Amino acid sequence: MAATAAVLRVPTSAVATSLQNTVRSSDVLQQTITPPFGSIVLSSRIQQLNTLTQSSSFVGDKPSENRMAGCARAVATTEGLSAAAEGRGDETDSNGALDGTQFLRPHLLSLAPYTPIEPFEILSARLGRRPEDIVKLDANENPYGPPPEVLEALGSMQFPNIYPDPESRRLREALAKDTGVGAEHLLVGCGADELIDLIMRCTLDPGDKIVDCPPTFTMYAFDADVNNAEVVTVSRKPDFSLDVPGIVDAVEKHNPKIVFLTSPNNPDGSVIREEDLVTILKLPVLVVLDEAYIEFSDEPSRAGWVRTHSNLIVLRTFSKRAGLAGLRVGFGAFPLSLVKYLWRAKQPYNVSVAAEVAACAALSNSAYLEDVKNALVKERERLFGLLQDVPFLKPYPSAANFILCDVKETHSAKEIKDALAKQGVMVRHYQKPQLKNFVRISVGKPEQTDLLMKALQSIP
Ligand SMILES: Cc1ncc(COP(=O)(O)O)c(C=O)c1O
């Protein structure tokens, strides 16, 4: 079983799909495996999976990154080796004939197991540093946090014992004022993440396709897999701009339901040119424009365009601009013809009382939000200049609250990430075909930039 340790690699959706097909069609799986041969068969299956993965590419922040492990574990599970493969040994089945996996929708067997993000306190214990001494620049969070009104409002929250307003009316009214888009177009979710999944659940039948433009936010491909949709990949160009002719071709050839676009894009921070967006909006496809970082750019939000484009959805979040990542609030602007059905399908109490109270309080102090945004944009520009002077990094200009850096061949992104972590500075690293040897650094407070630079300078 030692071979299972070797499978923690990362697939594209395309690879995940081929893995799924491999798993489904495999004659190995049709056989009854009797120990000791089971482990031998599993090893060879894992080798196949590894071979497939070596040509894969993937980028992201979410559990989907670890789908390869899921594929291998799916094989292990199907082959009757689940407990060992999952590292569990304490499960007993009172009805020997049953195995939980047989109840699952088959396509879900190729999903990765949930990979928990290390909680901040546990990270702090592991690094032997107080949470306040960790320079956390790995998840594009807002180091300033929300305005003080948020904690006050949470402290005096009146009815936590009562279910929240399923229509988040107070928040949607406040958002209508903030965005200039009528409340009737707005739907709030438990983060933009929830809305990505809700959109797919409402629009995709199994086998329908989406277009994904990596490197980008990985939840589009992840949720497509969960929803049994196919992912058509149109990779970004080397400068991370969209391959618009490639998207047009893909729409003509594959007839997808949705194209996912991100502006500014995670992980590089580039924005989509207006003429490109207009071209893509003319295609017979639903366009989901994810503007999670729009406030840090000079571009206006296109949320108001949903009034005139019945194939456009624009997603926004309180996680970045308002420092509320932990409370999970995002929202979308939708054409009226679509939003009425999303209302019917959404979980009634998807936005908690605390989340709504916090988001309304954050919007009540727009001056604070503006100051924090300006501080982060100013710091981004300072950080960019400083990173340009680091001999082993090539930073990319960014319109978001993070900077992607190409790590020169002399160094390894993983080693840089590890060396910084030892000094209490957390950054994100990538090692995939589309992003070979890159690090992404979130913009922090000026003193955090100083600590980052000091730590970078200590790397030979
Ligand atoms: C492009 C993009 N969209 C959406 C999200 C998730 O937003 P939320 O925290 O509102 O779920 C992220 C988070 O990193 C992101 O990078």
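Going along each chain's sequence as written, the residues are numbered from 1 onward. Local features in a predicted model are, by the rule used here, given only for residues with pLDDT of at least 70; side-chain atom pairs are given and counted only at 80 or more, and totals for whole chains, interfaces and linings are based on all residues. Side-chain numbers here rest on the full set of heavy atoms in the structure, without hydrogens or water.

- The name that an unreviewed UniProt entry assigns to the protein is histidinol-phosphate transaminase, with the source organism given as Klebsormidium nitens.
- UniProt positions are given in the numbering used here, feature names are shortened, and annotations may be inferred rather than shown by experiment. As recorded by UniProt, the Catalytic activity (unreviewed entry) comment attached to the protein reads in full: "L-histidinol phosphate + 2-oxoglutarate = 3-(imidazol-4-yl)-2-oxopropyl phosphate + L-glutamate".

### Considering the sheet that holds strand E13 (residues 435–442)
No. 1: Only strands joined by at least two bridges in the DSSP assignment are considered to pair. Helix and strand definitions follow DSSP, with helices as H or I runs of at least four residues and strands as E runs of at least two, each counted in order from the N terminus. Spatially, the four strands line up as an open sheet ordered E9-E10-E13-E12, and their pairing is antiparallel. At either end of the open sheet lies a strand with only one pairing partner, and these are strand E9 (393–395) and strand E12 (428–432). Strand after strand, the sheet turns through a mean of 30 degrees between neighbouring axes, direction not considered.
No. 2: As defined by bridge partners, E9 adjoins strand E10 (residues 402–407) across three bridges and the pair is classed as antiparallel. In the strand pairing of E10, Lys 394 is matched with Asp 406.
No. 3: Packing of helix H15 (residues 366–388) onto the sheet brings it into contact with E9, E10 and E13, and relative to E10 it is tilted by some 10 degrees. Here an axis means a line fitted to C-alpha atoms, over the contact stretch when the element is a helix, while the angle between two N-to-C directions is reported on a 0 to 180 degree scale. Residue contacts are counted whenever heavy atoms from the two residues lie within 4.5 Å of one another.

### Quick look at the packing of aromatic side chains
Aromatic ring pairs are reported here in terms of the distance separating the ring centres and the angle at which the planes meet.
No. 1: We call Phe, Tyr and Trp rings a pair once their centres come within 6.5 Å, taking the six-membered ring for Trp, and we label the pair stacked below 30 degrees between planes, edge-to-face above 60, and tilted otherwise. Under the criterion given, the structure shown has eight aromatic pairs.
No. 2: When the ring of Phe 240 is compared with that of Tyr 396, the centres are 5.1 Å apart and the planes differ by 75 degrees; the resulting orientation is edge-to-face. Linking Phe 240 in the loop between strand E4 (230–233) and helix H11 (244–254) with Tyr 396 in the loop between E9 and E10, this pair joins segments that are 156 residues apart in sequence.
No. 3: On the accessibility criterion, Tyr 396 (14% relative accessible area) is buried.
No. 4: Geometrically, the ring pair formed by Tyr 293 and Phe 402 is edge-to-face, given 4.9 Å between the ring centres and 85 degrees between the ring planes. Of the two residues, Tyr 293 is situated in the loop between strand E6 (286–290) and strand E7 (312–317) and Phe 402 in strand E10; the sequence distance between them amounts to 109 residues. The rule is simple: take the accessible area with a 1.4 Å probe, protein chains only, and divide by the maximum for that residue type; under 20% is buried, over 50% is exposed, in between is partly exposed.

### Some words on helix H14 (residues 353–364)
No. 1: The length a helix should cover is 1.5 Å for every residue beyond the first. With 12 residues, H14 extends 17 Å between its outermost C-alpha atoms, agreeing within 8% with the 16 Å of an ideal straight helix rising 1.5 Å per residue.
No. 2: With 11 of 12 residues buried, H14 lies mostly within the body of the structure.
No. 3: Every buried residue of H14 is listed here: Val 353, Ala 354, Ala 355, Glu 356, Val 357, Ala 358, Ala 359, Cys 360, Ala 361, Ala 362 and Leu 363.
No. 4: Each element contacted by the buried residues of H14 is listed here: helix H7 (148–155), helix H8 (169–179) and H15.

### A few points about unusual backbone geometry
No. 1: For the bond from Ser 263 to Pro 264, the omega torsion is -5 degrees, close enough to zero to count as cis.
No. 2: You can see Pro 264 is positioned in the loop between strand E5 (258–262) and helix H12 (274–281).
No. 3: With omega at 25 degrees, the peptide bond leading from Asn 266 into Pro 267 counts as cis.
No. 4: Among the secondary structure elements, Pro 267 is positioned in the loop between E5 and H12.
No. 5: Positive phi outside glycine occurs at Phe 240, with the angle close to 75 degrees.
No. 6: By relative accessible area, Phe 240 is classed as buried at 3%.

### Section: the pairing of E5
No. 1: Counting buried positions over the five residues of E5 gives five, a clear majority of the element.
No. 2: Alternating positions in E5 separate into two faces, Ile 258, Phe 260 and Thr 262 on one and Val 259 and Leu 261 on the other, with burial throughout.
No. 3: Strand direction decides the pairing type here: strand E3 (residues 209–212) and E5, joined by two bridges, are parallel. Within E5, the residue paired with Val 211 across the bridge is Val 259.
No. 4: Where the polypeptide runs from E5 across H12 and back to E6, its parallel neighbour, the crossover connection is right-handed. Here, the term right-handed applies to a crossover whose path from the first strand over the helix to the second runs clockwise when the strands point away from the viewer.

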